[in-house]
Amino acid sequence: MSAVLQFRFAARSETGRVRTNNEDAGFAGPYLLCVADGVGGAEAGEVASATTSYVVSARSLAHPGHEPARLLGAATREAHAQLAAGIAADPRRTGMATTLTALLTDGIHTALAHVGDSRAYLLREGELSQLSHDQTLVQSMVDDGQLTPAQAAVSPYRNVVLHAVDGEHMPDPDLLLLDLRPGDRLLLCSDGLTDVLSPAAIALGLGLDSRTMAVDRLVLAALDGGSRDNVTAIVADVVDAPAIAANGQVLGAAVDLANVVDPAAVRPLRSA
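We now turn to the structure provided with this report. (Residues numbered from 1 in each chain as written. Predicted model: local features only at pLDDT ≥ 70, side-chain atom pairs only at ≥ 80, totals over all residues. Heavy atoms only, no water.)

Here we come to the overall build of the protein chain. Helix and strand content of the protein chain: 8 helices and 13 strands. A compact globule built from 272 residues would reach a C-alpha radius of gyration of about 19 Å, and the protein chain, at 17 Å, matches this within 12%. Based on the C-alpha atoms only, the size of the protein chain along its principal axes is roughly 50 × 45 × 35 Å. Counting over 272 residues, the protein chain shows a buried share of 52%. Long-range pairs, those at least 24 residues apart, make up 73% of the contacts in the protein chain with a sequence separation of at least 6. In the protein chain, 19 side chains carry a positive charge and 32 a negative one; their mean positions are 5 Å apart. (Helix = DSSP H or I, 4+ residues; strand = E, 2+ residues; numbered from the N terminus. Rg over C-alpha atoms; globule rule 2.2 N^0.38 Å. Buried < 20%, exposed > 50% of the residue type's maximum accessible area, 1.4 Å probe, protein only. Contact = heavy atoms within 4.5 Å. Lys, Arg positive; Asp, Glu negative; His and termini not counted. Charge placed at Lys NZ, Arg CZ, Asp CG, Glu CD.)

Before going further, it helps to examine the environment of Leu162. Within the secondary structure, Leu162 sits in the loop between α4 (149-154) and β9 (165-166). Note: C-alpha distance between Leu162 and Gln135 (27 residues apart in sequence) is 5.6 Å. If we ignore the near neighbours within four places in the chain, the residues touching Leu162 are Gln135, Thr136, Leu137 and Ser140.

Across the sheet, 6 strands lie side by side as β10-β6-β5-β3-β2-β13; this open sheet has antiparallel pairing. The open sheet has two edge strands, β10 (174-178) and β13 (249-252), and neither has a second partner. Across this sheet, the average inter-strand angle for adjacent strands is 10 degrees, counted without regard to direction. Inspection of the sheet shows strand β2 (residues 24-28) paired to strand β3 (residues 32-37) by 5 bridges, in the antiparallel sense. Among the inter-strand pairings, Ala28 is bridged to a residue of β3, identified as Leu33. Its contacts with the sheet place helix α2 (residues 68-89) against β3, β5 (100-105), β6 (110-115) and β10, and it is angled at close to 145 degrees to β5. (Pairing = 2+ DSSP bridges. Axes fitted to C-alpha atoms, helices over the stretch in contact; angles between N-to-C directions.)

Moving on, we get to the pattern of salt bridges. The full count for this structure, using the stated rule, is 11 salt bridges. Its salt-bridge partner being Arg17, residue Asp224 comes within 2.9 Å of it at the nearest N-O pair. Taken together, the residues span a long stretch of sequence, with Asp224 in helix α7 (residues 211-224) and Arg17 in the loop between β1 (3-14) and β2 at a distance of 207 residues. Summarising the burial analysis for this pair, Asp224 and Arg17 share the class exposed. Here the salt bridges do not stand alone but share partners, grouping Arg12, Glu14 and Asp216 into one network. (Salt bridge = Lys/Arg side-chain N within 4 Å of Asp/Glu carboxyl O.)

These figures come from the coordinates and say nothing about function on their own.
Encoded structure:
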C-alpha cells in the first residue's frame with residue numbers, strides 16, 4: 001500500500017472561564033482538520049458552528065479522491081444551505097453565523113478553506129507562519145495601511161468579522177493550495193486563543209515534542225492569559241504513511257448539540 005500525506009492530531013475545545021456555553025465546534029481526522037467559531041452576539045452561534053463543522057466533515061470525508069479545494073468550496077456552500085434551512089424552520093435562529101477554517105488533503109494535494117477570523121498556522125523547522133488571512137475590519141485596515149499590526153492587536157474592533165458562513169449570504173471562502181511536507185506541524189484554532197497569545201507564545205507552545213502537550217499548553221495558556229472566549233485548538237503533524245480508514249474527533253458544540261449534529265453519522269474516509 002503506497003504512502004500518502006495524513007495528519008496525526010491532538011485536539012481540545014474548552015468553554016472557558018467566562019462563557020456559559022461553547023460556540024466553537026470542530027473536527028480532527030487523518031485527512032481533515034476543521035474549526036468553526038459561532039459569531040458572538042448572533043442567535044444560535046453554537047448551532048451554526050456545529051452544523052457547519054458537521055457538514056464540512058461529513059461531505060469532505062464522504063468523497064475521498066476528489067480535488068480538496070473544490071470539495072471544501074462545495075461543502076462550505078452546502079453548510080450555508082443547511083443554515084438557511086434551519087432558519088426557515090426556526091426563525092429565532094435568524095442571524096446565526098460562524099467562522100470556518102478547514103484543511104483537507106487527498107493524500108497528495110492539500111487545500112485550505114477560510115472564512116472569518118479563526119486561524120491556521122504552520123510550524124516548519126522552528127519557523128511559524130500564518131496560513132490564513134483574517135477577514136476582519138482591523139485586518140482590512142492593516143491591509144490598507146490605516147493600522148499597524150500592533151495597533152490592530154489591541155483595537156476594540158478586532159473581533160468585527162466581515163465574512164462568515166450564515167444562512168443569508170452565499171459564502172466565498174478563501175481557497176488556497178498548500179505545499180505541506182512530512183515533518184510540518186499545523187495549528188487550527190479559534191480567536192479565543194489568538195486574541196490572547198502572541199505569535200512567539202504560539203510558536204513556543206506549538207514546538208513541544210508531544211502533540212497532546214502542545215495542544216494542552218496552548219489552550220491553558222490562553223485561559224490563564226485571560227481569554228474571555230471559548231478556546232479551541234487542533235495540533236497536527238503531517239506524516240507520510242499508508243492510507244487508513246478512520247473516524248476522527250468531534251469537538252465543542254458539535255458534541256454538545258446532539259440534537260443538531262450526530263457525530264456517528266460522519267462517514268469514515270476509505271482509501272481510494
